[in-house]
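Fold and contact review
Chain by chain, the residues run as shown.
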Amino acid sequence: MITSELPSTLLKDTEFSVLDVETTGLSARNNRVIEIGIVKVKNLKITDRYSTLINPGCDIPYFITQFTGIANSDVAYSPSFYDTAEEIEEFIGNSIVSGHNLSFDEGFLSCEFVRNGFEPLSNLSVCTLKLSRKIFPSLKSKSLGSVSEYLGIKNRDSHRALSDAEATAQILIKLIKKLSKEKGIKTIQQLVEFQTSVVPSNQLIKLPKDIHDSIYSLPDTPGVYYFLNKKNEIIYIGKAKSLKDRVRSYFAATTVGKPKKIVKQAVKIKTEITNSELTALLLEAESIKLINPRHNRQLKKYGNKYFVRINKSNKYPKAEITSKFDFDGNDYFGLFISRRKAEVVLDIIDKTFVLRECDEKEFKKGRKCFLADIERCTAPCIKKDDPDYFNELERVYEFLSGGNQSALNRMLNKMKNYAANEKFEKAAETKQVIDLLLSQTHKSSLLAEPVNKANVMFEITEGINHDYILLLEGKYFIKRSSNSGKDSFEDALDDFYSHTIQTDINPTEEDLEKMKISLNWLAKNRNKVRIFYLKEFASKEELFNAMNSNKSSSKKSTKYFNVKRLVIQNSIDK
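Residues numbered from 1 in each chain as written. Predicted model: local features only at pLDDT ≥ 70, side-chain atom pairs only at ≥ 80, totals over all residues. Heavy atoms only, no water.

1. Notes on the sheet that holds strand β4 (residues 96-99)
Our working definition: What makes two strands pair is DSSP finding at least two bridges between them. Put simply, DSSP marks the helices as runs of H or I at least four residues long and the strands as runs of E at least two long, and each gets a number from the N terminus on. Note on method: axes are straight lines fitted to C-alpha atoms, helices fitted across the in-contact stretch only, with angles between N-to-C directions ranging 0 to 180 degrees. Contact criterion: two residues are considered in contact whenever any of their non-hydrogen atoms come within 4.5 Å of each other.
Spatially, five strands are ordered β3-β2-β1-β4-β5 in an open sheet, and the strand pairing comes out mixed. Each edge of the open sheet carries a strand with a single partner, namely β3 (45-53) and β5 (125-127). Geometrically, the sheet is characterised by an average inter-axis angle of 25 degrees between neighbouring strands, direction not taken into account. When β4 meets β5, the two strands line up parallel, connected through three bridges. Paired with V97 across the two strands is S125, which belongs to β5. Contacts between helix α3 (residues 81-92) and the sheet are confined to β1 (16-23), β2 (33-42), β3 and β4, with β3 contributing the most and set at about 175 degrees to the helix.

2. Digging into unusual backbone geometry
To be explicit about the condition: A simple rule labels every residue: compare its accessible area, found with a 1.4 Å probe on the protein chains alone, to the largest value its type can have, and call it buried under 20%, exposed over 50%, or partly exposed in between.
Following G334, the chain continues into L335 via a peptide bond in cis, with omega recorded as 10 degrees. Locating L335 in the fold gives a position in strand β11 (residues 331-336). Unlike most non-glycine residues, N43 shows phi in positive territory, near 55 degrees. With respect to the secondary-structure elements, N43 resides in the loop between β2 and β3. Assessed through its relative accessible area of 46%, N43 is described here as partly exposed. In the Ramachandran plot, E473 falls in the positive-phi region, its phi being about 50 degrees despite a non-glycine side chain. Looking at the element boundaries, E473 is found in the loop between β13 (467-472) and β14 (475-479).

Here is the structure:
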């Protein structure tokens, strides 16, 4: 391995090659590699993959076949390691090599390279097993399966090289983000030094008595924690999925950066338990704005919020991005935490559907434009009536409400037609749109209707006590979000079913902030959420009966397109 000066490259700019090998046994000297999978990571995203079966030149033991599913017949016509060595070297290049229990994989690869007349790899390396041991000392097992499960990473084909490499790559990305946020580790040099530091993982720094007593009585539940200084001032507020694990991590001997500064100034810790991670997030955001702690930088102000608006001011509506929300007759979809995320969705709409993109001034000229010539608009500007436009608009509403299937089918067919007619540049452009569609699956569209028309209850089912959130056309109400504060949840629900006319209908900045936090968390944790559209129930009693019978709204369950990326990728490649 490289032992010279470690690079100061930022982790976000570092390229990693995350690898995994399957073998005929456990001895690198006596056994052989039968499969290798490598996943490239750049900008903390998976960017490329390499995978091949390898003919080991010997029989694969029965127990290995049972374990991996790889039989002698599978590798009979596969290349030897000698045939793949240069490809592997070229794919890895000068990147940082990573793996889970990397020494095992590196040992086999080194022996294979030397055995076949090549120099072994000398790349700098990062082992996710070593990192996991330091970051998750309380996790009983640090195996790939255990860490994957702990971080919510699915490995659909475990004990196969590419699938294990993909899971390891996702672990690496999450660990780097966690270390960057919690310990200020920003460069590859800092990461390697953290990995190789010899510090007992359970060792804590010397603690003031009040803090010592506090951290050993912390519950393993979601909540918000407050660090206080000698003047009894709150200097930092944070949220945790597990108060016990999160707060204790501040006092590890390996703590660096801002957490270390907070620990030096703190003499007391207070906590507030919540029912779920979501309500901890909401309480954290609210408390930071109210208290303005010295060491909190984010969430002190209401951040930007973006919607995709269907602007109905023209007979032929168009999709556009806005940071404003109003009851102006238009429909609003979102809410997006950044303009970039909204732009991705708008880009998909523009390239997948054939709505107009021109402004009002251009539309009034009544001239067919370039977009109509390339079939990206139905050209309603030159028609007295354009029913095709409204059919297209309906498909856009379906897409914005979570229905990706028809959009995906359309783009797949378009790409295949381009390929069949040898318009390969157009086919490649269409494939990029398909990738965008796949990347947005289950991210942006939690609601099956525009935000300005959504009257919906969310039930968060994690934890002992469930949380309940009410979204009434942009107004936000939460039940039992914390032990303090007024709860107007029941009143809002009663007003809806009694058809009470509200004079103050516009959501506040606080409503929009809570909506942004909630919709993004709920979209990422769909398996922990039940959704009830209020208009599907005649009364509050009928709604509660449906909740008690464990039934969600029918509308929710049929709207979403679920797909395995590799299956779609195979159909694209064909």
